[in-house]
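# Breakdown of the fold
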Number of protein chains: 2
Amino acid sequence: MSQIKALMFDVFGTVVDWRASVAREAEAILAPKGFALDWPAFADGWRALYAPSMARVSAGERPFVVLDDLHRENLLVLLDRMGIAVLSPAEIDRLNHAWRRLDPWPDVAGGLARLKRRFILATLSNGNIALMVSLARHGGLPWDVILGAEVARAYKPSPEAYDRAAAALQLRPDECMMVAAHIHDLRAAAGRGFRTAYVHRPDEFGVSPEGRPWPADEFDFTVDSFTALADRLGG
Amino acid sequence: MSQIKALMFDVFGTVVDWRASVAREAEAILAPKGFALDWPAFADGWRALYAPSMARVSAGERPFVVLDDLHRENLLVLLDRMGIAVLSPAEIDRLNHAWRRLDPWPDVAGGLARLKRRFILATLSNGNIALMVSLARHGGLPWDVILGAEVARAYKPSPEAYDRAAAALQLRPDECMMVAAHIHDLRAAAGRGFRTAYVHRPDEFGVSPEGRPWPADEFDFTVDSFTALADRLGG
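Residues numbered from 1 in each chain as written. Chains lettered and ligands numbered in written order. Predicted model: local features only at pLDDT ≥ 70, side-chain atom pairs only at ≥ 80, totals over all residues.

### Examining the interface of chain A and chain B
In plain terms, the rule: A pair of residues counts as a contact when their C-beta atoms, built from backbone coordinates, are within 7 Å of each other. Numbered from the N terminus, helices here are DSSP runs of H or I no shorter than four residues, and strands are runs of E no shorter than two. Note on residue classes: Ala, Val, Leu, Ile, Met, Phe, Trp, Tyr, Cys and Pro are nonpolar, Asp, Glu, Lys and Arg are charged, and everything else, Gly too, is polar.
Chain A puts 13 residues into the contact, and the matching count from chain B is 13 residues. Taken together, the elements giving at least two residues each to the side of chain A that touches chain B come down to helix 7 (129-139) and strand 3 (145-148) of chain A. For the side of chain A that touches chain B, the leading source of residues is helix 7 of chain A, giving five residues. By residue class, the composition of the side of chain A that touches chain B is ten nonpolar, one polar and two charged.

Encoded structure:
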């Protein structure tokens, strides 16, 4: 592990709690208009449209578009399904930018500050550059560099997303460690030669009585926080 | 000026003192091998090959290549001209990476810390991503995002370099301010609709008795340091 030079972070779910934050933002905009919804379910419904919309890009069915635009298209689908037709275009934009105001999990700031002493900290998210910059300023996230889908012009888990992130830093894949709360992301990164760290985020999709299962022991590190990752990596 | 959301910085000469730093790095590698050169002149000679090498890319005579690679090609030309044939490929790489270890001017850290409170801080340099990340970590530069030639796949002063930087942040050009010590860079940015701030760096090319002339009053701000820019912008 001593050759690792850069940590590359998934962001939605791994760094920030998108579900609670989107629920809060949706409530702030829609409750004053008389809607009383299950706000976390609203966030889940929006999120459920995310993977299929990126898959169309990855399959070559449409040219690359940034995630902000996919989020907006998906929001229009969701609002239509729910029969919500009261929002102006400016209000839709504001609601769409809920994804730029997501709060980090509590261990993130302390963990990143320690890890930054020793490693290059990069985002390797499907979020676009403007969105990542907003999240970083909102949450005080000390990234050295914003990489990911917009820089690579490819969405994870496409191989190009990982390959181009390592290439942008002029690093070999085994000098890069993918940090994510999602098994499919880590497996795709490992398939391109990255090291991997799984971070357990049991509440990403809401608190459930039985909890989220831990993965089998297939990654280089399996931890429950960024501070635990810093303990393991010596940051 | 109240609509400005992002400051986009030229780096070589504006943020960092490339001449003194490259001179120091060249001396550290070549002096132990018995060379006693005019080290600042060595830096100047290397730098003189920079603009013509980028111009070939901008003219479409060759595909886009990152600045690290142009620097290395130019170093080989310079070493050949000077009859220096004692360096191994690894030593040439190390000398080439002198450009990743450039020191900031003394006002930079304090000025950027103030400006960051209010504005997105982006690099808009011809340097590549890995080089910019190294400089930031070397000099403690708190960029929010690394933009510029490698992200745009175009070298300044090509219009695409400016247009794509604003687009990456989803900002209008007049929400972006180019900060540079070079008139041609600022004029090109203004031509794409950016606001402009000239920062006077009289010693960039060495101390001369008569000093470097100040430009005519053609930019939105004309200052002598990043702290003076923070005074003017209210950061």
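### Things to note about the nonpolar core
Rules: To form a nonpolar core, buried Ala, Val, Leu, Ile, Met, Phe, Trp, Tyr and Cys residues must be joined through C-beta atoms within 7 Å. Here a residue counts as buried when 20 or more other C-beta atoms sit within 10 Å of its C-beta, as exposed when there are 12 or fewer, and as partly exposed otherwise, the C-beta atoms being derived from the backbone.
The biggest cluster of nonpolar side chains holds 158 residues, and the ones touching the most others in it are Met 8 and Ala 122 of chain A together with Met 8 and Ala 122 of chain B. Among all residues touching Met 8 of chain B, those that are not within four sequence positions of it are Ala 122, Leu 124, Leu 147, Ala 165, Cys 176, Met 177, Met 178 and Val 179 of chain B.

### Some remarks on the pairing of strand 1 (residues 6-9) of chain B
Residue and element names in this part refer to chain B. This is how it is decided: Strand pairing is assigned whenever DSSP detects at least two bridges linking the two strands.
Burial along strand 1 is two-sided: the face carrying Ala 6 and Met 8 and the face carrying Leu 7 and Phe 9 are both buried. As defined by bridge partners, strand 1 adjoins strand 2 (residues 120-125) across four bridges and the pair is classed as parallel. Opposite Ala 6, over in strand 2, you have Ile 120 as the bridge partner. In this structure, strand 1 lies alongside strand 4 (residues 176-180), joined through four bridges in parallel fashion. From the neighbouring strand, Leu 7 faces strand 4, where its bridge partner is Met 177.

### A few points about the relation of the copies chain A and chain B
Put simply, the two copies of the chain differ by a rotation about an axis and a shift along that axis. What counts here: Least squares is the method for superposing the copies, and the C-alpha atoms it fits come from residues with pLDDT of at least 70 in both.
With an axial shift of 0.0 Å and an RMSD of 0.0 Å, the rotation relating chain A to chain B amounts to 180 degrees. A rotation of that kind, with that shift, is consistent with a two-fold axis. Closest approach to the rotation axis within chain A is made by the C-alpha atom of Val 145 of chain A, at a distance of 2.9 Å. An overlap of 100% is found between the interface residues of chain A and their copies at the interface of chain B, pointing to a shared contact surface.

### Things to note about the domain arrangement of chain A
Residue and element names in this part refer to chain A. Going by this rule: Where each domain begins and ends follows an automated or database-derived domain assignment.
Domains assigned within chain A are domain 1 (6-17 + 102-233) and domain 2 (18-100). Taking the mean C-alpha position of each, domain 1 and domain 2 sit 23 Å from one another. Facing the 22 residues of domain 1 at the interface are 14 residues of domain 2. Those elements that provide at least two residues to the side of domain 1 that touches domain 2 are helix 7 and helix 8 (149-152). Here the side of domain 1 that touches domain 2 takes five residues from helix 7, the largest share from any one element. Looking at the side of domain 1 that touches domain 2 residue by residue, the classes come out as nine nonpolar, eight polar and five charged.

### Digging into the sheet that holds strand 5 (residues 195-199) of chain A
Residues and elements named next belong to chain A. The criterion, for reference: Fitting a line to C-alpha atoms yields each axis, with helices limited to the stretch in contact; the angle taken between N-to-C directions then spans 0 to 180 degrees.
Taken together, six strands build an open sheet; the order of strands is 3-2-1-4-5-6 and the sheet is parallel. In this open sheet, the two strands that pair with only one neighbour each are strand 3 and strand 6 (221-223). Neighbour-to-neighbour, the strand axes of this sheet turn through a mean angle of 25 degrees, independent of strand direction. Pairing of strand 4 (residues 176-180) with strand 5 involves four bridges; the strand directions are parallel.

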